[in-house]
Amino acid sequence: MVLPSEPEFEQAYNELLLTLKSSTLFEKKPDLEKVLPVISIPERIIQFRVVWEDDAGHLRVNRGYRVQFNSTLGPYKGGLRFHPSVNLSILKFLGYEQIFKNALTGLSMGGGKGGSDFDPKGKSDNEIRRFCEAFMRELCRHIGAFTDVPAGDIGVGGREIGFLFGAYKRYRNQWEGVLTGKGLNWGGSLIRPEATGYGLVYYVEKMIDYANKGDSFKGKTVAISGSGNVAQYAALKVIELGGKVVSLSDSKGVYVVSSTESEGFTAEEVAVIADLKLAHKEISLLETKLPSASKKLKYIPGARPWVHVGNVDVALPCATQNEVSGEEAAVLVKNNCKFIAEGSNMGSTMEAIEVFEASRIGALSGIWYAPGKAANCGGVAVSGLEMAQNSARAAWTREEVDAKLKDIMISCFETCINTAIEYSSEKTDCLPSLVKGANIAGFVKVAEGMKDIGDFW
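The structure reproduced in this document is the subject of the present report. Source: prediction; values computed, not measured. (Residues numbered from 1 in each chain as written. Predicted model: local features only at pLDDT ≥ 70, side-chain atom pairs only at ≥ 80, totals over all residues. Heavy atoms only, no water.)

1. Some remarks on the sheet that holds strand 8 (residues 253-257)
In step 1: The strand order 9-8-7-6-10-11-12 describes an open sheet built from seven strands, whose pairing is mixed. Among the strands making up the open sheet, the edge pair consists of strand 9 (297-301) and strand 12 (368-370). The mean angle between the axes of side-by-side strands here comes to 15 degrees, regardless of whether they run parallel or antiparallel.
In step 2: In the sheet, strand 6 (residues 221-224) pairs with strand 10 (residues 314-316) via three bridges, with the strands oriented parallel. Along strand 10, the bridge assignment pairs A223 with A315. (Pairing = 2+ DSSP bridges. Helix = DSSP H or I, 4+ residues; strand = E, 2+ residues; numbered from the N terminus. Axes fitted to C-alpha atoms, helices over the stretch in contact; angles between N-to-C directions.)

2. Thoughts on unusual backbone geometry
In step 1: With a phi close to 65 degrees, N336 is a non-glycine residue in the positive phi region.
In step 2: Among the structural elements, N336 can be located in the loop between helix 11 (326-334) and strand 11 (339-341).
In step 3: Backbone geometry at M346 places phi at a positive 50 degrees, although glycine is not the residue there.
In step 4: The residue M346 is located in the loop between strand 11 and helix 12 (350-362) in this model.
In step 5: Among the residues examined, M346 registers a relative accessible area of 4% and is labelled buried. (Buried < 20%, exposed > 50% of the residue type's maximum accessible area, 1.4 Å probe, protein only.)

3. What to know about a nonpolar patch on the surface
In step 1: A contiguous nonpolar surface patch, about 290 Å² in accessible area, is contributed by V51, L59 and V61.
In step 2: Within the element layout of this structure, L59 appears in strand 2 (residues 59-70). (Patch = residues over 30% accessible without salt bridge, like charges linked within 9 Å, V, L, I, M, F, W, Y side chains within 5 Å. Areas by Shrake-Rupley, 256 points an atom, 1.4 Å probe, with all protein chains shown as cover. Salt bridge = Lys/Arg side-chain N within 4 Å of Asp/Glu carboxyl O.)

4. Observations regarding the packing of helix 11 against helix 12
In step 1: Relative orientation of the contacting elements helix 11 and helix 12 amounts to 25 degrees, with a least axis distance of 7 Å. With respect to their mutual orientation, helix 11 and helix 12 come out roughly parallel. The two elements helix 11 and helix 12 meet at a crossing, and its hand is right-handed. Along the contact surface, helix 11 presents G326, A329, A330, L332 and V333, while helix 12 presents E351, A352, V355, F356 and S359.
In step 2: Considered class by class, the residues forming the contact of helix 11 with helix 12 number seven nonpolar, two polar and one charged. (Parallel < 35°, antiparallel > 145°, perpendicular 65-115°, else oblique. Left-handed = near helix turned anticlockwise from the far one by under 90°. Contact = heavy atoms within 4.5 Å. Nonpolar A, V, L, I, M, F, W, Y, C, P; charged D, E, K, R; others polar.)

5. Digging into empty space enclosed by the protein
In step 1: Scanning the entire structure with this criterion turns up two cavities of 30 Å³ or more.
In step 2: Computed from the structure, the largest cavity encloses a volume of approximately 50 Å³.
In step 3: Lining the largest cavity, in full, are S23, T419, A420, Y423, S424, E426, S433, K436 and I440.
In step 4: Within the residue set of the lining of the largest cavity, elements represented by two or more residues are helix 15 (398-422) and helix 16 (434-452). (1 Å grid on protein atoms, 1.4 Å probe; cavity = no way out; pocket = protein on both sides within 12 Å on 5 of 7 lines; lining within 4 Å. Points joined across faces, edges and corners; volume = space filled by probe spheres on them.)

6. Structural notes on the pattern of salt bridges
In step 1: Taken as a whole and assessed by the stated rule, the structure comprises 28 salt bridges.
In step 2: Salt-bridge contacts for E160 lead to R159; the nearest nitrogen and oxygen are separated by 2.9 Å.
In step 3: Assessed through its relative accessible area of 4%, E160 is described here as buried.
In step 4: Measuring nitrogen to oxygen at the nearest pair gives 3.9 Å for the salt bridge that ties K406 to E205. A residue pair is termed long-range when its members are at least 10 positions apart, and K406 in helix 15 and E205 in helix 7 (residues 195-211) qualify at 201 residues.
In step 5: Exposure remark for K406: the relative accessible area of 33% places this residue in the partly exposed category.
In step 6: Through salt bridges with shared partners, one network takes in E357, R360, E426 and K436.

7. Quick word on the side chain of S325
In step 1: Mapped onto the fold, S325 is located in the loop between strand 10 and helix 11.
In step 2: Within the local environment of S325, its side chain forms a polar contact with the side chain of E327, the two groups lying 3.3 Å apart. (Polar contact = N/O pair within 3.5 Å; in protein donor to acceptor, adjacent residues only side chain to side chain.)

8. Description of the sheet that holds strand 2
In step 1: Ordered in space as 1-2-4-3-5, the five strands form an open sheet in which the pairing is mixed. Only two strands of the sheet have a single neighbouring strand rather than two, namely strand 1 (44-53) and strand 5 (148-151). Averaged over all pairs of adjacent strands, the angle between their axes in this sheet comes to 20 degrees, without regard to strand direction.
In step 2: Here 10 bridges tie strand 1 to strand 2, and the two strands are oriented antiparallel to one another. When the sheet's bridge partners are listed, Q47 is paired in strand 2 with Y65.
In step 3: On the sheet, helix 5 (residues 125-139) packs against strand 1, strand 2, strand 3 (76-82) and strand 4 (111-116) and is oriented at approximately 145 degrees with respect to strand 1.

9. Let's talk about helix 6 (residues 158-172)
In step 1: An ideal rise of 1.5 Å per residue puts 21 Å on 15 residues; helix 6 measures up with 21 Å between its terminal C-alpha atoms.
In step 2: Buried residues of helix 6: E160, I161, L164, F165, G166, A167 and Y168, and no others.
In step 3: Directly after helix 6, the chain includes N173, whose backbone phi takes a positive value near 55 degrees. (Expected span 1.5 Å × (residues − 1).)

10. Re the pairing of strand 4
In step 1: The buried count for strand 4 comes to six of six residues, which makes it a mostly enclosed element.
In step 2: Both faces of strand 4 are covered, namely the face carrying G111, K113 and G115 and the face carrying G112, G114 and S116.
In step 3: As defined by bridge partners, strand 2 adjoins strand 4 across six bridges and the pair is classed as antiparallel. Within the sheet, the bridge partner assigned to G64 lies in strand 4 and is S116.
In step 4: Pairing geometry for strand 3 and strand 4, over three bridges, is parallel. Across the sheet, residue L80 finds its bridge partner in strand 4, namely G114.

By themselves, these are just geometric observations and shouldn't be taken as functional.
So this is what it looks like as structure tokens:
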């Protein structure tokens, strides 16, 4: 049987397999190799049509999906993406990564992903509400607080989560923690919008301290791609910790600080960009909203930041998958970047990861790479904390949630480090491979659970 080409999923599968095979895992635990063909097939894929009406009264139809990949550790957990590019390959890649990311949080969550090829851009609030109600009409049959708990993703923010949650409540006649990313007035958690960006910075903070004991973000130059929630809150946390943010971008282009003498982005400039994103506008309009920004920022249309930012200490890809190519990775290494951690899912191509890992092994001062499944797990971690608050009918303070998030990110980093050291096949004194540590730690936890419950033998 010839399977359809699924390039994004195949990339995610091969990246995991490569790191497992290049370690001592299957020498020490040979029985776990048998789970590979089982764990790589979703437990269930739901595909359905979504028929809705636009403001002109015309019938419109889109495809809806939910990939319920693995429920060994808990209910399926993963976002819903509304974007024209959505297809099964992308959702399978995201769901596959989600299995191991969720495992690294230490919380009871399985892995899944879903969405639609619907494009919210240019749609009215009423059109989005009608689409969400039509989408949930079918999805509500397959999800629930103890079965599958979706969240937001690209194209699905607080507005969409509200419409989806309201539709679920009306269709099922019950209030339950079936979605995360909810509003604070109806079951949401504090810190949820900030969680992925904050968690990313907490993870990198541990990387910096591990590589140079006592060092921190203070005085570090940081390149960030993207301008959505992850990039915004990562930038704000870096600024708070004394770092200098020198780039932010969107799909149309990038802003970079024009001179090494200039100050980085300010919290005010990040807030203006956040307002532009909320209005679904391009960040190139920043200068019209804040004319003073043009004195220190340069806008480059159609570009990504990595070859334009010059020498930086830290790179944080926070936009989308495969946003750092092999050539761009080589430029970052050449420009003496010391740390790169993905705020996006699978933000680096396989070629880029090979460049980063070769640099780490080849020089004590090489670049140190952290994959998204570890570095950006803060978002789903706080989603898990939202689920816990819903189950307890409780609401924790901002400080409580932030402290729990930081503890989860520190624990995730330490798990990645210890696992990388335990299963390393490298014969050098370089820093441990965080990509191997993350992949192996997540895989072992899920695989051993699958064996215990009889999913393979």
